[in-house]
Amino acid sequence: LSLLHKMVEEEIDIEPKGNELLIMGKRRRAGIWMESEITSSIDNVERPEAWLPLPDDFSVAVKIVEGCAGKDEAEFVRCCLHLHPKWIQAHDNFKATRYKIETGFQTGILVRRESIKHIISLGMTEFSETETWIHFRNPSGLILSCRRFVEDYPSLKDIFQRDGMTEVSLPRGLAEAAERAEIFARENADDNEITIAF
């Protein structure tokens, strides 16, 4: 979909050729590799039974927090969002975010950032927990299941402690300036961050 958004032609041709899906415009041509069979078993995903409502701002919380999760697979915990009963948080050793929200979860769990970020645009309204999965469902019946991990998440108490902090007023227009800079950062998927200096 990202590729299609970048194509400027009014009409494009999409054609399967062998194990490749060809996308062709007037001046551009791209191929996407297709697998002939699905190798992961859906039988490993437990079936959800009871559904609970998600808080209205759950997707907003995930969208805000997921940008602070790390990408270094050597630090697995940092690549996850920590879904706590009272907040959602992430920390990648450089930045940290905690969004206070009554999540509805009984205990804290970890979900990989790359898995849970997909719920943002899907309008999920319900969730269900099974032994090794967390399931999200939207009103049209679409279910997205993410592996859940029950591991210790490092305490971020010292980071979010308010004692000794100095309150700072952000300059007007900062949000608009950051949005403009983000356009350029978006092109580098591995390091799509901007720096703000005061």
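Quantities reported herein were computed from a predicted structural model and do not represent experimental measurements.

1. Side note on the environment of Ile120
Logical step 1: The residue Ile120 is located in the loop between α3 (113-116) and β9 (126-129) in this model.
Logical step 2: Residue class for Ile120 comes out partly exposed when judged on its relative accessible area of 27%.
Logical step 3: Along the primary structure Ile120 and Phe58 are separated by 62 residues, whereas in three dimensions their C-alpha atoms are 8.7 Å apart.
Logical step 4: What Ile120 contacts, discounting residues up to four positions off in sequence, is Ser59, Val62, Lys63 and Glu66.

2. Description of the sheet that holds strand β8 (residues 109-112)
Logical step 1: With respect to topology, 8 strands assemble into an open sheet ordered β4-β9-β10-β11-β8-β5-β6-β7, the strand pairing being antiparallel. A single partner strand is all that each edge strand has here, and the edge strands are β4 (52-53) and β7 (96-100).

3. Concerning the nonpolar core
Logical step 1: By size, the foremost hydrophobic cluster in this structure holds 28 residues, and its most contacted members are Phe58, Leu81, Leu83, Ile88, Ile116, Ile134 and Phe136.
Logical step 2: At the level of elements, α2 (58-66), β5 (80-84), β6 (87-91), β8 and β10 (133-137) are the ones that each hand at least two residues to this core.
Logical step 3: Beyond its immediate chain neighbours, meaning those up to four positions away, Ile134 contacts Phe105, Ile109, Val111, Phe127, Ser128, Glu129, Leu144, Ser145, Cys146 and Arg148.

4. Re unusual backbone geometry
Logical step 1: A positive phi angle, near 80 degrees, is found at Asn93, a position not held by glycine.
Logical step 2: Given a relative accessible area of 39%, Asn93 falls into the partly exposed group.

5. A short note on a positive patch on the surface
Logical step 1: Residues Lys6, Lys26, Arg27 and Arg28 make up a contiguous surface patch of positive charge.
Logical step 2: Position of Lys26 among the secondary structure elements: in the loop between β2 (20-24) and β3 (29-33).
Logical step 3: Given a relative accessible area of 77%, Lys26 falls into the exposed group.

6. A look at the sheet that holds β3
Logical step 1: One open sheet accounts for 3 strands, arranged β1-β2-β3; its pairing is antiparallel. A single partner strand is all that each edge strand has here, and the edge strands are β1 (13-17) and β3. The mean angle between the axes of side-by-side strands here comes to 20 degrees, regardless of whether they run parallel or antiparallel.
Logical step 2: Judged from the 5 bridges that link them, β1 and β2 form a sheet pairing that is antiparallel. Looking at β2, one finds that Ile14 is bridged to Ile23.

Calculation criteria
- Residues numbered from 1 in each chain as written.
- Predicted model: local features only at pLDDT ≥ 70, side-chain atom pairs only at ≥ 80, totals over all residues.
- Heavy atoms only, no water.
- Helix = DSSP H or I, 4+ residues; strand = E, 2+ residues; numbered from the N terminus.
- Buried < 20%, exposed > 50% of the residue type's maximum accessible area, 1.4 Å probe, protein only.
- Contact = heavy atoms within 4.5 Å.
- Pairing = 2+ DSSP bridges.
- Core = buried A, V, L, I, M, F, W, Y, C linked by side-chain atoms within 4.5 Å.
- Patch = residues over 30% accessible without salt bridge, like charges linked within 9 Å, V, L, I, M, F, W, Y side chains within 5 Å.
- Areas by Shrake-Rupley, 256 points an atom, 1.4 Å probe, with all protein chains shown as cover.
- Salt bridge = Lys/Arg side-chain N within 4 Å of Asp/Glu carboxyl O.
- Lys, Arg positive; Asp, Glu negative; His and termini not counted.
- Charge placed at Lys NZ, Arg CZ, Asp CG, Glu CD.
- Axes fitted to C-alpha atoms, helices over the stretch in contact; angles between N-to-C directions.

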